[in-house]
Amino acid sequence: MPVFSEQFDPGPQIAQCGSINLGTKDIEKSLWFFRDLLGMEEVERHGNVAYLRCFQERIHHSLVLTQQDEAVVNSYSFRVKRPQDIDLFKQEFQRQGIEVVDLPAGHEAGRGAAIRFLVPQGEHPFELYYDIDKPAAPAEMRSKLPSNSSKRRGLAVRRIDHMNIQTSPATINQTEQWIRETLGFKRREFANLPDKPDTLMASWLSVTPQVHDLAIGANGLGKTAQLHHVAFNVQDFSDVLTAADTIRDLEISYGVGPGKHGIGQAMYLYVFDPGSDHRVEIYAGGYLIFDPDWEAIEWKRSTLPDGMTWYGDPIDTSTGSRGRHTTGSAGLHR
């Protein structure tokens, strides 16, 4: 007889934000930024593709860098909770008329079979997988702490934290609703556009106790399939300040920060990968949600400035600013 927990099938579920595949025009500059400066471990490289992980990630990779002519996001990947969830999600997507591409094991090094699809309306290329290798670091990089995959180096990013994507104001409501209803993300905090009170400006969503594993915003230029930033987590606020001090001395495009968000209550620093111009957030702190009956917090027009920046450098989203800069995504087939 199965144990109690096996008598009920909760259906397919997303476990966590898994990895992102960034196209870069200059992989050597991008490797210098992520590996040498941020302190990620280069786990594997095959020609124009490099696989990296942070020092507290015991899986094969959370970042893929692909040398290519166009600096777009090739994929946003999420790990599911059980092997069978891949097929269960696939069946549901097909029932909804969503085209699904099967990806064989090894399509990304170290990763098992996966599926790829475009998020309805938003058009972001999502990939879902379960199996992933857990290689040991080379002896010279190995930490004495068994919960760390490698030694703390550089600015010491310890894990991928979240991805912040954008779609058009015309599609954001439908896209965000689909992500919640089909993928199972929970809305934690949100704001509506001041001039369109029935349209989301942004929504912060999670499948873990974090405030967000995925955020989605309305693109000011009406674009779909956009990346605003990918965030990597550091241990504490002082690490963000150290990163700011270090990066100011380097030839790196500096976005905004350091500061603290009211939304999520984490400290932020936005910079740009010099090889690809994708925005990267160095992120620390934040609160956790354990309430099963959590009600999403709405930020109104009068309080939204505090939500975006509780203290520190305010985020400039005016036309033409770097705060408004986004990068595009690849299509279904690549």
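In this text the structure is predicted, and so the values were computed from the model without any measurement.

## Some remarks on the sheet that holds strand β5 (residues 73–80)
Then step 1. Strand order across the open sheet formed by 8 strands is β2-β3-β4-β1-β5-β8-β7-β6, with mixed pairing between neighbours. Since the sheet does not close on itself, it has two edges, and those belong to β2 (41–46) and β6 (101–103), each with one partner. Neighbour-to-neighbour, the strand axes of the sheet open up by a mean angle of 25 degrees, direction not taken into account.
Then step 2. Pairing of strand β1 (residues 14–24) with strand β4 (residues 63–67), which is carried by 5 bridges, proceeds in the parallel orientation. Bridging across to β4, Asn21 finds its partner in Val64.
Then step 3. Those strands touched by helix α2 (residues 85–95) are β1, β5, β6, β7 (114–118) and β8 (125–129), and its axis lies near 30 degrees from that of β7.

## Observations concerning the packing of α2 against helix α3 (residues 172–183)
Then step 1. Between α2 and α3, the least distance of the axes is 12 Å, while the angle of their chain directions is 130 degrees. Classed by the angle they form, the pair α2 and α3 counts as oblique. Between α2 and α3 lies a crossing of right-handed hand. The residues of α3 that touch α2, namely those facing Phe89, Glu92 and Phe93, are Trp178, Thr182 and Leu183.

## Describing the packing of aromatic side chains
Then step 1. A full pass over the atoms with the stated rule returns 12 aromatic pairs.
Then step 2. When the ring of Phe78 is compared with that of Phe185, the centres are 5.9 Å apart and the planes differ by 80 degrees; the resulting orientation is edge-to-face. Remark: Phe185 occurs in the loop between α3 and β10 (186–193) and Phe78 occurs in strand β5; sequence separation between them is 107 residues.
Then step 3. Classification of Phe78 as buried rests on a relative accessible area of 1%.
Then step 4. Classification of Phe185 by relative accessible area gives buried; the value is 3%.
Then step 5. The ring of Phe190 has Arg187 lying over it, and the distance from NZ or CZ to the ring centre is 4.6 Å.
Then step 6. Between the NZ or CZ atom of Arg248 and the centre of the ring of Tyr254, over which it lies, the distance is 5.4 Å.

## Concerning helix α1 (residues 27–37)
Helical geometry: 3.6 residues make up each α-helical turn, so side chains three or four residues apart lie on a common side.
Then step 1. If you check which residues of α1 are buried, you get Ile27, Ser30, Leu31, Phe33, Phe34 and Leu37.
Then step 2. Here α1 starts with a cap whose side-chain oxygen sits 3.2 Å from the backbone nitrogen of Glu28, and that cap is Asp26.
Then step 3. Trailing α1 by a residue or two, Gly39 shows a phi angle of about 90 degrees, which is positive.

## Quick notes on the sheet that holds strand β11 (residues 196–206)
Hydrogen bonds between backbone atoms are what pair the strands of a sheet, whose relative direction is either parallel or antiparallel.
Then step 1. Sheet architecture is open: 10 strands sit in the order β17-β10-β11-β12-β9-β13-β16-β15-β14-β18, paired in mixed fashion. Each edge of the open sheet is held by one strand with a lone partner, namely β17 (297–299) and β18 (311–312).
Then step 2. Across 4 bridges, the pairing between strand β14 (residues 254–260) and strand β15 (residues 266–272) is antiparallel. Bridge assignment links Lys260 to a residue of β15, and that residue is Met267.
Then step 3. Against the sheet, α3 engages β9 (159–167), β10, β11 and β12 (214–218), with an angle of about 30 degrees to β11.

## Describing the pairing of β7
Then step 1. Judged by how many residues are buried, β7 sits mostly within the fold: 4 of 5 residues are covered.
Then step 2. Note: β6 against β7, 3 bridges, orientation antiparallel. From the neighbouring strand, Val101 faces β7, where its bridge partner is Arg116.
Then step 3. Of the strand pairs in this sheet, β7 and β8 are connected by 5 bridges, and their pairing is antiparallel. By the bridge assignment, Ile115 is partnered in β8 with Leu128.
Then step 4. Hairpin connection between β7 and β8: a loop of 6 residues separates the two successive antiparallel strands, and Gln121 in this loop has a positive phi of roughly 75 degrees.

## Regarding unusual backbone geometry
Then step 1. With an omega dihedral of 5 degrees, the bond running from Gly257 to Pro258 counts as a cis peptide bond.
Then step 2. Structurally, the position occupied by Pro258 is in strand β14.
Then step 3. Phi is positive for Glu123, close to 70 degrees, though the residue is something other than glycine.
Then step 4. With respect to the element layout, Glu123 can be found in the loop between β7 and β8.
Then step 5. For Ala225, which is not glycine, the phi torsion reads 55 degrees and is therefore positive.
Then step 6. With respect to the helices, strands and loops of the structure, Ala225 is situated in the loop between β12 and β13 (226–233).

## Remarks on the UniProt feature "domain: VOC" (unreviewed entry) in the protein chain
Then step 1. As annotated by UniProt and renumbered to match this structure, "domain: VOC" (unreviewed entry) occupies residues 16–131 and 159–285.
Then step 2. Helix makes up 19% of residues 16–131 and strand 40%, and the two end C-alpha atoms of the span are 13 Å apart.
Then step 3. Secondary structure over residues 159–285 splits into 18% helix and 49% strand, and the C-alpha atoms at its two ends are 13 Å apart.

## Comments concerning the side chain of Ser77
Then step 1. As for its placement among the helices and strands, Ser77 is situated in strand β5.
Then step 2. Here Ser77 falls in the buried class, since its relative accessible area comes to 0%.
Then step 3. Among the polar contacts made by the side chain of Ser77, one reaches the side chain of Arg111 at a distance of 3.1 Å.
Then step 4. Once you skip the residues sitting within four places of it in the chain, Ser77 turns out to touch Cys17, Gly18, Ser19, Arg111, Glu127, Tyr129 and Met163.

Criteria and cut-off values
Residues numbered from 1 in each chain as written. Predicted model: local features only at pLDDT ≥ 70, side-chain atom pairs only at ≥ 80, totals over all residues. Heavy atoms only, no water. Pairing = 2+ DSSP bridges. Helix = DSSP H or I, 4+ residues; strand = E, 2+ residues; numbered from the N terminus. Axes fitted to C-alpha atoms, helices over the stretch in contact; angles between N-to-C directions. Contact = heavy atoms within 4.5 Å. Parallel < 35°, antiparallel > 145°, perpendicular 65-115°, else oblique. Left-handed = near helix turned anticlockwise from the far one by under 90°. Phe/Tyr/Trp six-rings, centres within 6.5 Å; stacked < 30°, edge-to-face > 60°. Buried < 20%, exposed > 50% of the residue type's maximum accessible area, 1.4 Å probe, protein only. Lys NZ or Arg CZ within 6 Å of the ring centre and 35° of its normal. Polar contact = N/O pair within 3.5 Å; in protein donor to acceptor, adjacent residues only side chain to side chain. UniProt positions renumbered as here; feature names shortened; annotations may be inferred.

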